[in-house]
Amino acid sequence: MIKASLQVRFLDLSITNKEDREDLKEVLERCMDHGQFVMGQEISNLEKNLAEYVGRDYCVTVSSGTDAVYLALKGIDIKQGDEVITTPLSWIATANAIKMTGAKPVFCDINQDLNLDPNSIEKVISKNTKALLTVDYTGNMADYEQIIKIANKYKIKLIEDGSQAFGAKYDGRKCGSFGVVSAISHNPMKIFGGLGEIGSVFTNDQEIANKIQILRYNGTVNKEFLKYPSLNFRADSLNAAFLQSRLKNLPKKLNRRSEIAKRYTENLKNYCLTPTETKNSQRVFYTYTIQIEDRDGLSKYLAENNIETKIQHPLLMSEQEPYADCKTYTKKASQIIKKVLCLPIYEGLSDDQVDYVIEKVINYQKSFT
Ligand SMILES: Cc1ncc(COP(=O)(O)O)c(C=O)c1O
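Here we look at the packing of aromatic side chains
For step 1, the next point in the chain: Counted by the stated rule, this structure contains 11 aromatic pairs.
For step 2, the next point in the chain: Ring geometry for Y53 against F166: centres 5.1 Å apart, planes inclined by 25°, an arrangement best described as stacked. On the criterion of sequence distance, the pair formed by Y53 in helix α2 (residues 41-54) and F166 in the loop between β5 (157-161) and β6 (169-170) is long-range, its members being 113 residues apart.
For step 3, the next point in the chain: Judged by its relative accessible area of 4%, F166 falls in the buried class.
For step 4, the next point in the chain: Here the aromatic rings of Y364 and F368 are separated by 5.1 Å at their centres, their planes lie at 85°, and the arrangement is edge-to-face.
For step 5, the next point in the chain: Every member of this aromatic cluster is reached through a ring pair, and the members are Y53, F166 and F192.
For step 6, the next point in the chain: A cation sits over an aromatic face here: K174 above Y53, 3.9 Å from the ring centre.
For step 7, the next point in the chain: Residue placement shows R283 over the ring face of F285; its charged tip is 4.0 Å from the ring centre.

Things to note about the environment of D143
For step 1, the next point in the chain: You can see D143 is positioned in the loop between β4 (129-135) and α6 (144-153).
For step 2, the next point in the chain: Between the C-alpha atoms of D143 and D12, which are 131 residues apart in sequence, the distance is 31 Å.
For step 3, the next point in the chain: The residues contacting D143, other than those within four sequence positions of it, are P118, Y170 and T278.

Quick word on the side chain of K211
For step 1, the next point in the chain: By secondary structure assignment, the location of K211 is in helix α7 (residues 206-216).
For step 2, the next point in the chain: The class of K211 is buried, set by a relative accessible area of 14%.
For step 3, the next point in the chain: Excluding its chain neighbours within four sequence positions, the residues that come into contact with K211 are K74, G75, D77 and Y228.

The rules behind each value
- Residues numbered from 1 in each chain as written.
- Predicted model: local features only at pLDDT ≥ 70, side-chain atom pairs only at ≥ 80, totals over all residues.
- Heavy atoms only, no water.
- Phe/Tyr/Trp six-rings, centres within 6.5 Å; stacked < 30°, edge-to-face > 60°.
- Helix = DSSP H or I, 4+ residues; strand = E, 2+ residues; numbered from the N terminus.
- Buried < 20%, exposed > 50% of the residue type's maximum accessible area, 1.4 Å probe, protein only.
- Lys NZ or Arg CZ within 6 Å of the ring centre and 35° of its normal.
- Contact = heavy atoms within 4.5 Å.

In short, geometric facts, not functional conclusions.
In structure tokens, the structure reads:
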């Protein structure tokens, strides 16, 4: 029996599991004992383990996912005068990272799966196009077979923003292994997140890894010799240690989210457009994003029933005022954006809560028939 007055928050980041709390306390004790709060063994240990998990030669941890995307672009020398093609639908950090290198973001279209439409890339390619920045949006991998073909055909470099899909796979390869450089956010909202801001950059290219390591700390070699003027992008060692301790629980978290998504999809697929999965891939569920005509009405109705939802995002990045003059080809995206709504999905949700959300979405949709 579903209780009438359940409350469902969009996300709950409190750490209630006793074992998880003990693990984190142990990490804090260890760090207090060794006293290395900047760089040191916690950072090198995390970098080694993440590189191994993703299947890449190098991992460089940095201060946030935004900084990871920015440094990935700087690592391949993206600069003023260059154009970088990306999806119009992502958290604004993706476009900002391009802009902050001095390059111009250029926005292609998306498909119904909310990921970049490979067929629209050629519509915006120019002689200034230097890179293509994919986003594995909502946890669903981009269509890399098509994307890699196009990147190779035009000799443009591929950068992957895998911030929302850590743990996902495409053609047997992990998210984070598709770009010349790939960037990941581990902010606390992410499925594999720390207890604060942290990001990671992955590559197989030693020269790029070295450059990013130098850029990470004011562009210096051995702290004293300046190579490329930069800022401080180092991750906190304590946070790196917390993140490392959470790696072992990642499969459990991914599974629980997939179970919730399955429950939503089985029950809602006749009432709205439910999330899909790119061919040859195994997605994760960072968000569970449905598409529905009366998105605002449904969101209001769910709020009245104590269910929090989120519109991610109300605007395409290309619709944001500072990007109004960028080259765009966003025909489908500008329609799709009006319909997206994220339902709550996180490990702490009970089946009762999920069923309560399902019941209310169905009630609302049935009220029109
Ligand atoms: C796709 C994408 N890129 C970049 C970022 C930025 O990451 P951070 O918040 O760690 O700076 C996010 C964060 O939400 C994201 O979802």
